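This is what each chain is made of:
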Amino acid sequence: MDKATATDGQALVFARNFFKNPKMLGSLIPSSRFLIKQLLRDVKWNDVRVFVEYGPGVGTISGEIVKRMRPDAKLIVFEINDDFVRVMKNRFHNDPRVHVLHRSAADVQDALRELGLEKADCAIAGIPFSIMKEEDRQAVLRNTHAALRPGGSFLVYQFSSRVRADLEKIFGPVHQGFEPLNILPARLFHCVKV
Ligand SMILES: C[S@@+](CC[C@H](N)C(=O)[O-])C[C@H]1O[C@@H](n2cnc3c(N)ncnc32)[C@H](O)[C@@H]1O
């Protein structure tokens, strides 16, 4: 069942994993439908052939991406949590457009190359940048910049604005939004690779 709100079972898997490893998840529950709607609002779906998503969790956002994505587009997801990788593989095994990788977001360039894909048109990330190790954060941000095509978008949602300064250093101007109807209220950042 693909809807913009996680099912009870998915929410339970999510919460259980938060208590096991709060730093890896950074959130107790999946993103709300309000946040997802705002995040995906300005995506130019017709121009997107390669979409990458970091930290899909139980696939709450991925489900909405695949609904809107072109039939010939691909969604490459990067997830480091074993349980979530299992949930994601199970959830999307019928959709050949979706590749679920048990790898860190920092591997984005290598992974795209291995899949024979040139560059990504859009990347989305809700991984906990503000509590990650500095070197890991820098690796994800720099490799994402390198993996995007010129004009490609990087959409980031976070519970604090801490990552903004790093985004500005790497991408230049950042457009910031806010979604109060999420637990916790979320900041959204939209960067474009020039
Ligand atoms: C706040 S949760 C977001 C889950 C989901 N996208 C949502 O919005 O409901 C953060 C996710 O990032 C994953 N994660 C953390 N560090 C990561 C990394 N370096 N690479 C890929 N995924 C990562 C966690 O396992 C978790 O699934």
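**Student:** Hey, could you run me through the sheet that holds strand 7 (residues 186-192) in this one?
**Tutor:** One key point about sheets: their strands pair by backbone hydrogen bonds, in either a parallel or an antiparallel sense. Taken in spatial order, the seven strands make up an open sheet running 3-2-1-4-5-7-6, and their pairing is mixed. Looking at strand neighbours, the two that pair on one side only are strand 3 (98-101) and strand 6 (174-179), the edges of this open sheet. This sheet shows a mean twist of 15° between the axes of neighbouring strands, independent of strand direction. By the bridge criterion, five bridges tie strand 4 (residues 120-125) to strand 5 (residues 148-158) in an arrangement that is parallel. Within strand 5, the residue paired with Ala 123 across the bridge is Phe 154. Running at roughly 155° to strand 6, helix 3 (residues 33-40) makes contact with strand 1 (50-54), strand 4, strand 5, strand 6 and strand 7 of the sheet. Contacts from helix 7 (residues 134-147) reach strand 1, strand 4 and strand 5 within the one sheet, and its direction differs from that of strand 5 by about 145°.

**Student:** Where do I start with the site of the ligand in this structure?
**Tutor:** Taken together, 21 residues are adjacent to the ligand, and Leu 25, Ser 31, Gly 55, Glu 79 and Tyr 157 come closest. One of the backbone N or O atoms of Gly 55 is found 2.8 Å from a nitrogen atom in the ligand. In this structure, Tyr 157 approaches the ligand through a side-chain N or O atom, which is 2.8 Å from a nitrogen atom. The residue makeup of the shell around the ligand, split by class, is 13 nonpolar, seven polar and one charged.

**Student:** Help me out: how do you make sense of the pairing of strand 5 in this one?
**Tutor:** Among the 11 residues that make up strand 5, eight are buried, leaving the element largely enclosed by the rest of the structure. After leaving strand 4, the chain enters helix 7 and then returns to the sheet as strand 5, a path that is right-handed. In this sheet, strand 7 lies alongside strand 5 in antiparallel orientation, the contact comprising six bridges. In the strand pairing of strand 7, Val 156 is matched with Phe 189.

**Student:** Sorry, what's going on with a nonpolar patch on the surface here?
**Tutor:** A surface patch of nonpolar side chains, about 580 Å² in accessible area, is lined by Phe 19, Leu 28, Ile 29, Phe 159, Ile 183 and Leu 184. Looking at the secondary structure, you find Leu 184 in the loop between strand 6 and strand 7.

**Student:** Explain the pattern of salt bridges here, please?
**Tutor:** Close approach of charged atoms allows side chains of opposite charge to pair. Tallying each qualifying case throughout the model produces 16 salt bridges. A salt bridge links Asp 72 to Arg 49; the nearest nitrogen and oxygen atoms lie 3.4 Å apart. In this pair, Asp 72 is assigned in the loop between helix 4 (60-68) and strand 2 (74-78) and Arg 49 in the loop between helix 3 and strand 1, connecting sequence segments 23 residues apart. What makes Asp 72 partly exposed here is its relative accessible area of 43%. Here Arg 49 falls in the partly exposed class, since its relative accessible area comes to 41%. A salt bridge links Arg 137 to Asp 166, with the nearest nitrogen and oxygen atoms 2.9 Å apart.

**Student:** Sorry if this is basic, but what is going on with the environment of Ala 105 here?
**Tutor:** Structurally, Ala 105 is set in the loop between strand 3 and helix 6 (108-114). Note on Ala 105: relative accessible area 6%, which makes it buried. Between the C-alpha atom of Ala 105 and that of Leu 155, which follows or precedes it by 50 residues, the distance is 14 Å. In contact with Ala 105, not counting residues within four places along its chain, are Tyr 54, Phe 78, Ile 127 and Val 140.

**Student:** Explain the packing of aromatic side chains here, please?
**Tutor:** For any pair of aromatic rings, the description rests on two quantities: the centre-to-centre distance and the angle between the ring planes. Counted by the stated rule, this structure contains five aromatic pairs. A ring pair is formed by Tyr 54 and Phe 78, whose centres lie 5.7 Å apart and whose planes are at 80°; its orientation type is edge-to-face. With Tyr 54 in strand 1 and Phe 78 in strand 2, the pair connects residues that are 24 residues apart, well separated along the chain. Residue Tyr 54 is classed as buried on the basis of its relative accessible area of 0%.

**Student:** Please clarify how the side chain of Glu 53 should be interpreted in this entry.
**Tutor:** One can find Glu 53 in strand 1. Here Glu 53 sits buried without a salt bridge, and the closest side chain of opposite charge, Arg 91, lies 9.2 Å off (N-O distance). Leave out the neighbours within four places in its chain, and Glu 53 touches Ile 61, Ser 62, Ile 65, Leu 75, Ile 76, Val 77, Phe 78 and Ile 124.

Thresholds, definitions, all that
- Residues numbered from 1 in each chain as written.
- Predicted model: local features only at pLDDT ≥ 70, side-chain atom pairs only at ≥ 80, totals over all residues.
- Heavy atoms only, no water.
- Pairing = 2+ DSSP bridges.
- Helix = DSSP H or I, 4+ residues; strand = E, 2+ residues; numbered from the N terminus.
- Axes fitted to C-alpha atoms, helices over the stretch in contact; angles between N-to-C directions.
- Contact = heavy atoms within 4.5 Å.
- Near = heavy atom within 4 Å.
- Polar contact = N/O pair within 3.5 Å; in protein donor to acceptor, adjacent residues only side chain to side chain.
- Nonpolar A, V, L, I, M, F, W, Y, C, P; charged D, E, K, R; others polar.
- Buried < 20%, exposed > 50% of the residue type's maximum accessible area, 1.4 Å probe, protein only.
- Right-handed = clockwise from strand over helix to strand, strands pointing away.
- Patch = residues over 30% accessible without salt bridge, like charges linked within 9 Å, V, L, I, M, F, W, Y side chains within 5 Å.
- Areas by Shrake-Rupley, 256 points an atom, 1.4 Å probe, with all protein chains shown as cover.
- Salt bridge = Lys/Arg side-chain N within 4 Å of Asp/Glu carboxyl O.
- Phe/Tyr/Trp six-rings, centres within 6.5 Å; stacked < 30°, edge-to-face > 60°.
- Lys, Arg positive; Asp, Glu negative; His and termini not counted.

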